[in-house]
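Descriptive analysis of the structure
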Amino acid sequence: MDPSASATTVAVIIAALVVRSAVLEMRQSGSARREWAWVTDKGAWTGGSLTALVVGGLSWARFGPSAVAWGLLAGLLVALVLGRHSSAG
């Protein structure tokens, strides 16, 4: 796996999430604050960190250090989902 291609792909995915959030904010004021509420949610951080460590560790063992970026992305997405779930209820 090419390290630069892997990191670039992950960066593009994260950039797409940020752009999506910005477009939603332009359409509906206050939506970005709700979208990024997971940043202050300890439960979301815990779940995302645990996921990033497990997936990153498994990726490192199987594919080498270039795949750790995918573990970080997985942790980010889990934190995002957990933050939405906790703010919805």
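Heads up: the structure comes first, above all this text.
Conventions and cut-offs
- Residues numbered from 1 in each chain as written.
- Predicted model: local features only at pLDDT ≥ 70, side-chain atom pairs only at ≥ 80, totals over all residues.
- Heavy atoms only, no water.
- Helix = DSSP H or I, 4+ residues; strand = E, 2+ residues; numbered from the N terminus.
- Buried < 20%, exposed > 50% of the residue type's maximum accessible area, 1.4 Å probe, protein only.
- Contact = heavy atoms within 4.5 Å.
- Polar contact = N/O pair within 3.5 Å; in protein donor to acceptor, adjacent residues only side chain to side chain.
- Salt bridge = Lys/Arg side-chain N within 4 Å of Asp/Glu carboxyl O.
- Phe/Tyr/Trp six-rings, centres within 6.5 Å; stacked < 30°, edge-to-face > 60°.

Moving on: the overall build of the chain. When helices and strands are tallied, the chain shows four helices and zero strands. Within the chain, buried positions represent 28% of all 89 residues. Taking contacts inside the chain between residues at least 6 apart in sequence as the whole, the part at least 24 apart equals 59%.

Position of Ser31 among the secondary structure elements: in helix α2 (residues 31-35). What makes Ser31 buried here is its relative accessible area of 10%. Only 3.0 Å separates the side chain of Ser31 from the backbone oxygen of Gln28, close enough to count as a polar contact. Ser31 has contacts with Leu24 and Glu25, leaving out every residue within four places of it along the chain.

The tally for this structure, following the rule as stated, stands at one salt bridge. Among the salt bridges present, the one from Arg20 reaches Glu35, with a minimum N-O distance of 2.8 Å. Of this pair, Arg20 sits in helix α1 (residues 3-27) while Glu35 sits in helix α2, and the two are 15 residues apart along the sequence. For Arg20, a relative accessible area of 40% translates into the label partly exposed. Among the residues examined, Glu35 registers a relative accessible area of 13% and is labelled buried.

Take the environment of Gly83 next. Of note, Gly83 is situated in helix α4 (residues 68-88). Taking C-alpha positions, Gly83 is 8.6 Å from Thr40, a pair spaced 43 residues apart along the chain. Beyond its immediate chain neighbours, meaning those up to four positions away, Gly83 contacts Trp38, Asp41 and Ala44.

So, on to the packing of aromatic side chains. One pass over the structure, following the stated rule, counts two aromatic pairs. Here Trp36 and Trp38 contribute two aromatic rings whose centre-to-centre distance is 5.7 Å and whose plane-to-plane angle is 35°, an arrangement assigned as tilted. The exposure class of Trp36 is partly exposed, given its relative accessible area of 31%. Ring geometry for Trp38 against Trp45: centres 6.1 Å apart, planes inclined by 45°, an arrangement best described as tilted. Using a relative accessible area of 7% as the deciding quantity, one classes Trp38 as buried. Owing to a relative accessible area of 45%, Trp45 belongs among the partly exposed residues under this scheme. Among the aromatic residues, ring-to-ring pairing joins Trp36, Trp38 and Trp45 into one connected group.

Any functional reading would require information beyond the geometric quantities listed.
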